[in-house]
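As a plain string of letters, each chain reads:
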Amino acid sequence: MLNGEKKIARPLRWAMIGGGRTGQVGYKHRIGALRDNTAYQLVAGAFDIDAERGIDFGVNLGVDANRCYPDYIKMFKEEAKREDGIEVVSIATPNGTHYEITKAALEAGLHVICEKPLFFTVAEGEEIKALAEKQGKIVGVTYGFSGNQLLLQMRAMIEQGKIGDIRVVDLQYTHGFSATEQGDKTNAAQKWRVDPKVAGPSFVLGDLSTHTYYMSELIMPNMKIKKLLCDRQSFVGSRAPLEDNAFVLMQYENGAVGRLWTSSINAGCMDGHRIRIVGSKASLEWWDSKPNELKFEVQGEPIQTLIRAMPYLDETCNADERLGALHQEGLTESWANIYLKFAIAIDAKNRGDEETLKNLVYPDINAGIEGIRWIEKCVRSADNGSVWVEYESKKPQLV
Ligand code: NAD
């Protein structure tokens, strides 16, 4: 169980790019990273595209005014001159900026934690992976739901054969908040999400389903997609070619099949984020809106609900427990678990500790690249008339 005691020798000197006063996701980074003050200290930032607002915001967060910068280029330059300069930077800006900022950060000798979807193309991902390797730096990806520790329970139970051979993978990440066009015009964060120049080649496939796809990889590290077929629609016509709804069928190399539904036009749905894995003996099902519970359904037996923090859970699951039984938790703990693993990875990389890196389960650059591949293949399938396309996964065998 985690209790805030240090996991690395000293906190990392951390800065943020984006995630400013009006940003949607920035605060999740801060509550994730700063939950344990033994992992990160927020010492600098270029928080906003509006320089003045960003500096004012940083000062209000308690960051030294001299280290609140008008832009990231100036921040990298000035921080490099300091003995106590930043070591790691988080990127919480719109998708179209991730590649350029990540590249500049690695070239400035910094570790990077970047938002999803990582970049626009797999080729960009591979280029940045090679650069990170050359620079000896970590690139982590904030698949923010993936720190929910019951996902590690699913992983352990599948590995232990508790559900038998996997037959069906049923994934869903839907909501109804973009059921109409209204937000595309009035909400700044929604406006760029439907602009291909900023969002990239997809809307909901990248915005929503890359999370769920990574979570399925985390739970089933040995399952590889062989082929997929995607059918995508823009029910709000002005969003075309970007989709606000998509169905994806998957065929896995071991003969299992899967489906994923992602949508932002599922009217009335407040949070439809669900993972169900069907095996030859039993099924496991987890909903993000009930993060404290995992359903274990053995054919012919009463359904069991496994509850977070209980001693009957796998040790890998309880190692990421923060509150203990009786007290309910959710997304903030998930983000804190991921940020702690990024810190452990960065510290291990700095010390050349490859053994720790090999055994650490967290969303690394490979997970980011697989997320881009997922979008690329879905878009290619959908835009060629919803045909099967080879998946060609390059993900390394996980531990
Ligand atoms: P947003 O539009 O609400 O906020 C973007 C922020 O970045 C703003 O503060 C803006 O001023 C700032 N910004 C933009 N360009 C900048 C630049 N060049 N330098 C410095 N700051 C800059 O967007 P959002 O919804 O917070 O999304 C940001 C990223 O986070 C996207 O990639 C999105 O896909 C991702 N996201 C992830 C999750 C998650 O659960 N991991 C949730 C929401 C969004």
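Notes on the structure in this doc start here.

What counts and how
- Residues numbered from 1 in each chain as written.
- Predicted model: local features only at pLDDT ≥ 70, side-chain atom pairs only at ≥ 80, totals over all residues.
- Heavy atoms only, no water.
- Phe/Tyr/Trp six-rings, centres within 6.5 Å; stacked < 30°, edge-to-face > 60°.
- Pairing = 2+ DSSP bridges.
- Helix = DSSP H or I, 4+ residues; strand = E, 2+ residues; numbered from the N terminus.
- Axes fitted to C-alpha atoms, helices over the stretch in contact; angles between N-to-C directions.
- Buried < 20%, exposed > 50% of the residue type's maximum accessible area, 1.4 Å probe, protein only.
- Contact = heavy atoms within 4.5 Å.
- Core = buried A, V, L, I, M, F, W, Y, C linked by side-chain atoms within 4.5 Å.
- Near = heavy atom within 4 Å.
- Polar contact = N/O pair within 3.5 Å; in protein donor to acceptor, adjacent residues only side chain to side chain.
- Areas by Shrake-Rupley, 256 points an atom, 1.4 Å probe, with all protein chains shown as cover.
- Nonpolar A, V, L, I, M, F, W, Y, C, P; charged D, E, K, R; others polar.

1. With respect to the packing of aromatic side chains
Applying the stated criterion to the full structure yields 14 aromatic pairs. Among the aromatic residues, those joined into a cluster by ring pairs are Trp14, Tyr40, Trp335, Tyr339, Phe342 and Tyr362.

2. Some details on the sheet that holds strand S2 (residues 40-46)
Consider a sheet: its strands pair through backbone hydrogen bonds, and that pairing is either parallel or antiparallel. Here we have 5 strands laid out as an open sheet, ordered S2-S1-S3-S4-S5, and parallel in their pairing. Every interior strand has two partners, whereas the edge strands, S2 and strand S5 (139-141), have only one. Direction aside, neighbouring strands of the sheet carry axes that sit 25 degrees apart on average. Both strand S1 (residues 12-18) and S2 contribute to a ladder of 6 bridges, which runs parallel. Each residue of the ladder has a partner; that of Met16, found in S2, is Gly45.

3. Description of the environment of Ser146
Structurally, Ser146 is set in the loop between S5 and helix H6 (150-159). Among the residues examined, Ser146 registers a relative accessible area of 8% and is labelled buried. Counting along the chain gives 216 residues from Ser146 to Tyr362, while the straight-line C-alpha distance between them is 8.3 Å. Dropping the residues within four chain positions of it, Ser146 is found in contact with Leu151, Tyr214, Met215, Leu218, Ser334, Ile338 and Pro363.

4. Considering the nonpolar core
Of all hydrophobic cores here, the largest spans 86 residues; its most connected members are Met75, Ile277 and Trp374. Here this core takes 9 residues from helix H14 (residues 365-383), the largest share from any one element. Those residues in contact with Trp374, other than ones at most four positions away along the chain, are Leu205, Ser209, Thr210, Tyr213, Ile225, Leu228, Val248, Met250, Leu260 and Tyr391. Listed in part, the 30 residues of the second largest apolar core include Leu42, Val63, Leu357 and Leu360.

5. Comments concerning the site of the ligand
Around the ligand, the surrounding shell holds 26 residues, and the nearest of these are Asp48, Asn95, Glu115, Lys116 and Trp192. Thr93 is positioned with one of its backbone polar atoms (N or O) 3.2 Å from an oxygen atom of the ligand. The fraction of the free accessible surface of the ligand (850 Å²) that becomes covered by protein chains is 89%. Taken together, the elements giving at least two residues each to the shell around the ligand come down to S1, helix H8 (188-193) and helix H10 (204-219). Sort the elements by how many residues they give to the shell around the ligand and H8 lands first, with 3 residues. Looking at the shell around the ligand, its residues break down into 10 nonpolar, 11 polar and 5 charged.

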